[in-house]
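Coordinate inspection notes
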Amino acid sequence: MDGKPRLNRAEDFTFVNPWIRYFLFFFSFVFWVFSLLIVAIGVYAKVQKATDTVRNTFLIDPAVILIVVGVVMFFITFCGCIGALRQNIRLLKTFSLSLTLVFLTQLAVAVLGFFYSDQTRDALEKFVKKAIVHYRDDLDLQNLMDYIQKEFKCCGWNNYSDWSWNLYFNCTHENPSSERCAVPYSCCTPLPGETVINTMCGFGVQTMSHVEANESIYPGGCVDKAAMWMESHLSLVGALALGTALPQIAGIVLSHILISQIQDEITSVL
């Protein structure tokens, strides 16, 4: 009489914790759906642009960056989803290894960026210079630069004269553009009560002295303003870094626990 209940309990026993298994599945599934959304936005932005012939902006194209990030996330989270659902050790190991590589890469970039600040600054300057040069060629870069300048209340990388790097804003006498010696409207300080944006407010600014220009546009370049913003928002920067790292660490730990439990289950059967 007592043998049957004991036998049933032995048959129902499993080393695999269902809470860990299904938490890892839903955890991966949420980020898998998010990765599909990122890819969709990137593809849509790329298709909608009318400047696909501009090849020099490929590596700094926000749409391309979204697609690449989304595809990498899709691959990693797909392995996590199916690996947890099917208790597939190979997929779980791929998920764990990929997530570990991504985490270590981010950590290495952060550490190198901190200890090699001059080189990091030079790399960012190259990125911003390309964005300025192709400002009128790529709508995504244009919107990105406008957002940065309005958000940080800055103009150019070092100062407003950096906009002379752009073919249309170049301030040489040989430039036939109607925007010669101008800066984008996002450099301009908004007037009190202004309801309609004056897109021509930056015309002729590069011909002015710094004192005159500072009366109508944001003083200083974006590099200094961005550094000041980070120094005054260290808690927010730290929270963002922690918010990025914790899900990755959680995924790595949970996958390792689940792999160990599945291996114990296989060993017990054998």
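Presented here is an overview of the structure given in this document. (Residues numbered from 1 in each chain as written. Predicted model: local features only at pLDDT ≥ 70, side-chain atom pairs only at ≥ 80, totals over all residues. Heavy atoms only, no water.)

A few points about the state of the cysteines
- Under the counting rule described, the total for this entry stands at four disulfides.
- A disulfide bridge connects C154 with C222, and the sulfur atoms are separated by 2.0 Å. Disulfide C154 to C222: torsion about the S-S bond roughly 85°, handedness right-handed. Taken together, the positions of C154 in the loop between α6 (139–152) and α7 (210–213) and C222 in helix α8 (residues 222–232) put the pair 68 residues apart, joining distant regions of the chain. Across the pair, C222 and C154 agree in class, each one buried.
- Sulfur-sulfur distance for the disulfide between C171 and C181 comes to 1.9 Å. The disulfide joining C171 to C181 has a torsion of about 100° about its S-S bond and is therefore right-handed. Within this pair, whereas C171 is found in the loop between α6 and α7, its partner C181 is found in the loop between α6 and α7, the two being separated by ten residues in sequence.
- On the basis of relative accessible area, C181 is assigned to the buried category, the value being 2%.
- By sequence order of its bonded cysteines, the chain has the disulfide arrangement 1-8, 2-5, 3-4, 6-7.
- Not part of a disulfide, C79 finds its nearest cysteine sulfur in C81, a span of 9.7 Å. (Disulfide = S-S within 2.5 Å. Helix = DSSP H or I, 4+ residues; strand = E, 2+ residues; numbered from the N terminus. Buried < 20%, exposed > 50% of the residue type's maximum accessible area, 1.4 Å probe, protein only.)

Things to note about helix α5 (residues 117–133)
- If you check α5, its first and last C-alpha atoms are 24 Å apart, about what 17 residues at 1.5 Å a residue would give, namely 24 Å.
- Within the span of α5, buried status applies to V128, A131 and I132. One side of α5 holds all its buried residues, which, seen down the axis, span an arc of 95°.
- Residues of α5 that are buried sit in contact with α6. (Expected span 1.5 Å × (residues − 1). Arc of directions from axis to C-beta. Contact = heavy atoms within 4.5 Å.)

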